[in-house]
Amino acid sequence: MERTSDSLPPAADAAPVLDLRGVHKSFGRGAHRVDAVRGVDLTVHRGDVVALLGHNGAGKSVTLDMALGLQAPASGEVRVCGDRPSRAVSAGRVGAMLQSGALLDDLRVAETVRAVASLHPGGRRRVGSVMDRAGLTPLATRRVSRCSGGEKQRLRFALALLPDPDLMVLDEPTAGMDVSARQEFWEVVSAEAQAGRTIVFATHYLAEAEEYAPRTVLMAGGRVIADDTTEAVRSRVPGRVLTCTTPDAGRLAQQLAGEPDVVDVRTPTPDRLEMRVTDSDRFARLALTEWRATGLQIVPLGLDEAFAELTREATDPHGGTDSDQSTPPARPEPAATAA
Ligand SMILES: Nc1ncnc2c1ncn2[C@@H]1O[C@H](COP(=O)(O)OP(=O)(O)OP(=O)(O)O)[C@@H](O)[C@H]1O
C-alpha cells in the first residue's frame, strides 16, 4: 500500500531503513587530506525522524551522500533497507532533497512534477496526491522561475516523494527560507512523518530539531558525538539559565564567577545578569532577597546551549575528537518514532 498523509505505513521490514557501520570517508592526500567522516555508526529505523546537526564541515552532507550512494565510503558499510544504497535508490526506496538540487525555471510546477513522475515506476498516478500533500495544487500552472524559495523547496520535496520512498533524506532543506516558509515546509514534512515516513534531515536550525525531530544526531569533526532523543541530548548539559536586572550586575558577576553551582555568568548590559546555574532555586532566592533583582527569568537550557557545549567538548584537544583512540559515544536506545 502506498503511504499518504492519511494512510498508515506498510508492515515494518526487519532491516533498518538506514544502517551505517564504522563508516570512514576522506578526501585528498598527505597535507591536503580531509577526514570528513571518521567512524560513523548510525542506525535509523522505520518511522524515525532524525535531525542531523553539526557545524559547517562536521560531515553531515558527506554522511548523507554516502547514504544515497553518491559517494562510496573508504571503509565501513552503508545499507539502505538492507541493500546497497545505489540499489535502494534505483528501486525508489529513497527520496532526496540535496543542497544542489536544480529545477528547470521555464517549466511550470505541475509540468515539473509530471516530468519527474514519468521517471519513476507508478510515479504518474501519484502526481495529484503528491502535489496536494506538498501544497502545490494552487501553484500548478505557476512557472518555477516565479516560485518563491519556500515554494521551490516544497516542489523539490514533492519530487522526492514521487517514488513513494521508505526513506527521505533532506540536506538543509530550509536553508535561506524565512520563518513562515519554513513553517509551511515543515507542516508538509510533518504530515509525511506522521504517516510513518522515515525522515533524516540535516539542519543548522536547532529549533527545527527541537520541534520536528524526536531524535537528534550531533556530529563534530566527522564523528557522531551525541545520538539520542532530542530531549535527552538537550538534557545532557545540566543547568538552567537565570537572568535578572540588578543595579550591581558587574560586581555580582565577578563574585559569582568562581562559585561551584555557577557554570557561566555574564553581563550583556551593565545592569543585566545572565547566568547558567545548576541550583536555580538558590540563586532565585538570592536574586529576590539580596540583589534587588527585577525581571527575574529562569529557563531550561535549549538545544543550542547543549549543541555548543557538546561540540566544544568533542573538539577540545583533550576531548578526543582528534584522536582515533577516542571513546565512541554511547549507542542510542531504539529511537523514538514519529507520533
Ligand atoms: N569532494 C570533496 N573534496 C574535498 N573535501 C570535501 C569534499 N566534500 C566534503 N569535503 C570536506 O569534508 C568535510 C565535511 O564536509 P560536509 O559537507 O559533510 O560538512 P557539513 O557538515 O555538511 O557542512 P555544512 O553544514 O557546511 O554543509 C569538510 O571539511 C569539507 O570541506
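Heads up: these notes are all about the structure in this document. (Residues numbered from 1 in each chain as written. Predicted model: local features only at pLDDT ≥ 70, side-chain atom pairs only at ≥ 80, totals over all residues. Heavy atoms only, no water.)

## Let's talk about the overall build of the protein chain
Right, so step 1: When helices and strands are counted, the protein chain shows 11 helices and 13 strands.
Right, so step 2: Counting only residues that meet the buried cut, the protein chain has 46% of its 339 residues in that class.
Right, so step 3: Considering only residue pairs separated by 6 or more positions, the protein chain has 69% of its internal contacts joining residues 24 or more positions apart.
Right, so step 4: Carbon and sulfur atoms form 49% of the exposed surface of the protein chain, whose accessible area is close to 16,400 Å². (Helix = DSSP H or I, 4+ residues; strand = E, 2+ residues; numbered from the N terminus. Buried < 20%, exposed > 50% of the residue type's maximum accessible area, 1.4 Å probe, protein only. Contact = heavy atoms within 4.5 Å. Areas by Shrake-Rupley, 256 points an atom, 1.4 Å probe, with all protein chains shown as cover.)

## Here's the deal with the side chain of R215
Right, so step 1: Looking at the secondary structure, you find R215 in strand β8 (residues 215–220).
Right, so step 2: Here the side chain of R215 touches D227 through a polar contact of 2.9 Å, side chain to side chain. (Polar contact = N/O pair within 3.5 Å; in protein donor to acceptor, adjacent residues only side chain to side chain.)

## A closer look at the nonpolar core
Right, so step 1: One finds L136, L155, F157, L170, I199, F201 and L310 to be the most contacted residues of the largest nonpolar core, which totals 51 residues.
Right, so step 2: Counting residues in each nonpolar core, the second largest holds 29 residues, with L42, V44, L64 and V224 among its members. (Core = buried A, V, L, I, M, F, W, Y, C linked by side-chain atoms within 4.5 Å.)

## Observations concerning the environment of T311
Right, so step 1: Relative to the assigned elements, T311 resides in helix α11 (residues 303–315).
Right, so step 2: Between the C-alpha atom of T311 and that of A220, which follows or precedes it by 91 residues, the distance is 6.1 Å.
Right, so step 3: Apart from residues no more than four positions distant in its own chain, T311 is found in contact with H55, L218, A220 and I225.

## With respect to the site of the ligand
Right, so step 1: Taken together, 14 residues lie around the ligand, and N56, G57, K60, S61 and H204 are the ones closest in.
Right, so step 2: A distance of 2.7 Å separates an oxygen atom of the ligand from a polar side-chain atom of K60.
Right, so step 3: About the coverage of the ligand: the protein hides 63% of its 630 Å² of free accessible area.
Right, so step 4: For the shell around the ligand, the element with the most residues is helix α1 (residues 60–67), which contributes three residues.
Right, so step 5: Class assignment for the residues of the shell around the ligand results in five nonpolar, seven polar and two charged. (Near = heavy atom within 4 Å. Nonpolar A, V, L, I, M, F, W, Y, C, P; charged D, E, K, R; others polar.)

## A look at the packing of helix α5 (residues 149–161) against helix α6 (residues 179–194)
Right, so step 1: Put simply, α5 and α6 touch, their axes get as near as 9 Å, and they point 15 degrees apart. Looking at the two axes, α5 sits roughly parallel to α6. For the pair α5 and α6, the sense of crossing is right-handed. On the side of α5, the interface is formed by G150, Q153, R154, F157 and L161, while α6 contributes A181, E184, F185, V188, V189 and E192.
Right, so step 2: In the contact of α5 with α6, the residues fall into six nonpolar, two polar and three charged. (Axes fitted to C-alpha atoms, helices over the stretch in contact; angles between N-to-C directions. Parallel < 35°, antiparallel > 145°, perpendicular 65-115°, else oblique. Left-handed = near helix turned anticlockwise from the far one by under 90°.)

## Some remarks on the environment of A195
Right, so step 1: Relative to the assigned elements, A195 resides in the loop between α6 and β7 (198–203).
Right, so step 2: Each C-alpha atom, one on A195 and one on G47, is 8.4 Å from the other, the two residues being 148 residues apart in sequence.

## Focus: the sheet that holds strand β1 (residues 18–27)
Right, so step 1: Across the sheet, three strands lie side by side as β2-β1-β4; this open sheet has antiparallel pairing. Strands with a single pairing partner mark the edges of an open sheet, and in this sheet they are β2 (34–44) and β4 (75–80). Strand-to-strand, the axes of this sheet are offset by a mean angle of 25 degrees, without reference to chain direction.
Right, so step 2: Here β1 runs beside β4; their pairing, made up of five bridges, is antiparallel. Looking at β4, one finds that L20 is bridged to V78. (Pairing = 2+ DSSP bridges.)

## Notes on unusual backbone geometry
Right, so step 1: We note that E172 has phi near 45 degrees; this positive angle belongs to a residue other than glycine.
Right, so step 2: Structurally, the position occupied by E172 is in the loop between β6 (167–171) and α6.
Right, so step 3: Take E172: its relative accessible area is 17%, and that puts it in the buried class.
Right, so step 4: One non-glycine residue, R292, adopts positive backbone phi at about 50 degrees.

## Some words on the pairing of strand β10 (residues 240–245)
Right, so step 1: Here β10 pairs with strand β12 (residues 272–277) via six bridges, running antiparallel. If you follow L242 over to β12, its bridge partner there is M275.

## Overview of helix α3 (residues 109–117)
Right, so step 1: When α3 is considered as a whole, its buried residues turn out to be V109, A110, T112, V113 and A117. Viewed along the axis of α3, the buried residues span an arc of 160 degrees, placing them on a single side of the element.
Right, so step 2: In this structure, the buried residues of α3 make contact with α4 (127–133) and α5. (Arc of directions from axis to C-beta.)

The quantities given are spatial measurements derived from coordinates; they are silent on function.
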